[in-house]
Each structure stands twice: as structure tokens, then as C-alpha cells.
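Structure assessment
Each chain is listed here by its residues.
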Amino acid sequence: MEAVSIAAIEAMACGCLVAASSVGGMAEFIRHDLDGVLFQSGSADAITTTIRDLSESAGQRAQIAGKGYERVHGDMTWDSIASQTLKIYETSLRSRTQA
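Rules of the game
Residues numbered from 1 in each chain as written. Predicted model: local features only at pLDDT ≥ 70, side-chain atom pairs only at ≥ 80, totals over all residues. Heavy atoms only, no water. Core = buried A, V, L, I, M, F, W, Y, C linked by side-chain atoms within 4.5 Å. Buried < 20%, exposed > 50% of the residue type's maximum accessible area, 1.4 Å probe, protein only. Helix = DSSP H or I, 4+ residues; strand = E, 2+ residues; numbered from the N terminus. Contact = heavy atoms within 4.5 Å. pLDDT = per-residue confidence, 0-100. Salt bridge = Lys/Arg side-chain N within 4 Å of Asp/Glu carboxyl O. Phe/Tyr/Trp six-rings, centres within 6.5 Å; stacked < 30°, edge-to-face > 60°. Lys NZ or Arg CZ within 6 Å of the ring centre and 35° of its normal. Polar contact = N/O pair within 3.5 Å; in protein donor to acceptor, adjacent residues only side chain to side chain.

1. Thoughts on the nonpolar core
Residues V4, A8, I9, M12, V18, A20, M26, F29, I30, L38 and V72 constitute the largest nonpolar core, which totals 11 residues. Looking at this core, the elements that each hand over two or more residues are helix 1 (6–13) and helix 2 (24–29). Per-element accounting of this core gives the leading share, three residues, to helix 1. Sequence-distant contacts of V72, that is, excluding residues within four places in its chain, are made with I9, M12, A13 and T77.

2. Brief notes about the side chain of S80
When you line up the elements, S80 lands in helix 5 (residues 78–98). Those residues within four positions of S80 in sequence are excluded, and the remaining contacts are G74 and D75.

3. A closer look at the environment of D75
Summarising the element assignment, D75 is placed in helix 4 (residues 58–75). Judged by its relative accessible area of 37%, D75 falls in the partly exposed class. The contacts of D75, once residues within four sequence positions are left out, are S80, I81 and Q84.

4. Here's the deal with the confidence of the model for the chain
Summary statistics for the chain give a mean pLDDT of 93 and a share of 97% for residues scoring 70 or more. By mean pLDDT, helix 5 is the weakest element of the chain at 90, and strand 2 (residues 37–39) is the strongest at 97.

5. Side note on the environment of I47
Mapped onto the elements, I47 comes out in helix 3 (residues 44–55). Given the relative accessible area of 33%, I47 is considered partly exposed. Distance from I47 to T97, taken between C-alpha atoms, is 50 Å for residues 50 residues apart in sequence.

6. What about the pattern of salt bridges?
Scanning all chains against the criterion turns up four salt bridges. The closest approach of N and O atoms between K67 and E70, which form a salt bridge, is 4.0 Å. One end of the pair, K67, and the other, E70, are both in helix 4, three residues apart, so they sit about a helical turn from each other. Since its relative accessible area comes to 36%, K67 is described here as partly exposed. Note that R71 is salt-bridged to D75, the shortest N-O span being 3.9 Å. Of this pair, R71 and D75 both sit in helix 4, separated by four residues, roughly a single helical turn.

7. Remarks on the packing of aromatic side chains
To describe a pair of aromatic rings, one takes the distance between the centres and the angle between the planes. Scanning the entire structure with this criterion turns up zero aromatic pairs. Seen from the ring of F29, R71 lies directly overhead, with NZ or CZ sitting 4.3 Å from the centre.

8. A word on the side chain of R71
Taking relative accessible area as the criterion, R71 reaches 15% and is therefore assigned buried. Of the polar contacts made by the side chain of R71, one reaches the side chain of D35; its length is 3.1 Å. Discounting chain neighbours no more than four positions away, the residues touching R71 are F29, I30, R31, D35 and M76.

And the structure:
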């Protein structure tokens, strides 16, 4: 995954909804309409529509922001990251010993 905005992760950790252009690491990290919202990069119409749609639906904003909060507090803790890293190392070592 390419670089993900630390500000976006911090916003999600605080329970704020994140809307980002669908490029680079953000497009890989955010699951559109689940834990964040993506809009087409470089399109004023796309960001305008996204902001308008979100401004009209408090329930949708709260649900997406809540899922973002859960994801960051579940998948982005140091314990979780260490566990994921360990699994990668173990898989790599197993594949090297089998080769």
C-alpha cells in the first residue's frame, strides 16, 4: 500500500468522517462508503456532490465515521500492526525454508 495520510488516520481515530480523492494510498486504504468516502481526483463536481450528499445525511455520516473509528482502533493499534508484521515474517521464513 502506498503512503496513507496520517491526518486521515488520526481523523478516523477521533471519529471524524474522512472524504478523500481516490488516488494512491488513500484509494487503497479507505473502503468507499464503509469507513470513508472517496471521490474522483481532479473533479470539482465529484467533491461538490460528495460534500452535498454527506451534508444531507447525518445518519450516513455517523455510520461511516463510526466504521472508520472501529477500523483504526481495531486494525491500526501497535499490537495489531506487530501481529500482522510477525505473520509476514513467518510466512516469508516458511517459504524460504521450503524452497
